[in-house]
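Given next are the chains, with one letter for each unit.
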Amino acid sequence: MTATIASTCNPLSKKSGPRGFTLIELMITLAVLTVTLTLAAPSFTELIRDNRLISEVYAMRATLNMARSEAIARRLPVVVCGTVDGLACSEDPDWSSGYMVLLGADDSATVDVDNPSLNRLQWENRPNSRVSMVFSGDFTRFDAMGSSLGNTGTLVFCDARGAEKARGLIVTSVGSLRASVDDDDNGVVEDASGNDVSC
């Protein structure tokens, strides 16, 4: 009997009910979370921008490789050019609003409006892209052998961070592609002529 009374009177033996966080614990948790997010957010933003830029480069690389393969397979010239409406090549070297792959001898070829799939092999519409894309020429063309002699150049991909984060894709005269590199170690990649790219 005395053991039962002692255990019920002992405050340490009481089972406490569910407890919540105290105000101080919540404030400390929020402070730690705020500091963590403040330090991590710029890194996440940079990572997202880098991935967006690389995705655009890979998409263009795939398009150019497809155009070259189609030229060889069909034994016909294939043009890759910038376009605003997907119906005709633009004379503007800025391909930021879109580009297409077109069967044709040069960039004067137009898309058959009644049957666009007849000679337009691909159209990438990019109206709100955050990555600009500028080609050093008006267009590139692959002949039936897959070469692009006379239609070479560098595609430069930029975002709001400028030339130091820019990427480049070089179309060689044999039709192959290579990434721009920074040979002089100044933090900016170079075009096919060895000059720093600009945004």
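Residues numbered from 1 in each chain as written. Predicted model: local features only at pLDDT ≥ 70, side-chain atom pairs only at ≥ 80, totals over all residues. Heavy atoms only, no water.

Trainee: Help me out: how do you make sense of the state of the cysteines in this one?
Mentor: By definition, a disulfide is the covalent link that joins the sulfur atoms of two cysteine residues. Going through the model one piece at a time under the given rule, you end up with two disulfides. One disulfide bridge connects cysteine 81 with cysteine 89, the sulfur atoms lying 2.0 Å from each other. Measuring handedness by torsion sign, the sulfur bridge of cysteine 81 and cysteine 89 sits at about -75° and is left-handed. You'll find cysteine 81 and cysteine 89 in the same group, each marked buried. (Disulfide = S-S within 2.5 Å. Buried < 20%, exposed > 50% of the residue type's maximum accessible area, 1.4 Å probe, protein only.)

Trainee: Teacher, can you tell me more about the nonpolar core here?
Mentor: Looking at soluble globular proteins, one finds that nonpolar side chains tend to be buried together. Of all hydrophobic cores here, the largest spans 21 residues; its most connected members are Met60, Leu64, Trp95, Leu155 and Phe157. For this core, the secondary structure elements donating two or more residues are α2 (23–74), β1 (78–82), β2 (98–103), β4 (132–135), β6 (153–158) and β7 (167–171). With six residues, α2 is the single largest residue contributor to this core. Those residues in contact with leucine 64, other than ones at most four positions away along the chain, are Val80, Thr140, Phe142, Leu155, Leu169, Val171 and Leu177. Val79, Cys81, Ala109 and Val111 belong to the second-largest nonpolar core, a separate cluster that totals eight residues. (Core = buried A, V, L, I, M, F, W, Y, C linked by side-chain atoms within 4.5 Å. Helix = DSSP H or I, 4+ residues; strand = E, 2+ residues; numbered from the N terminus. Contact = heavy atoms within 4.5 Å.)

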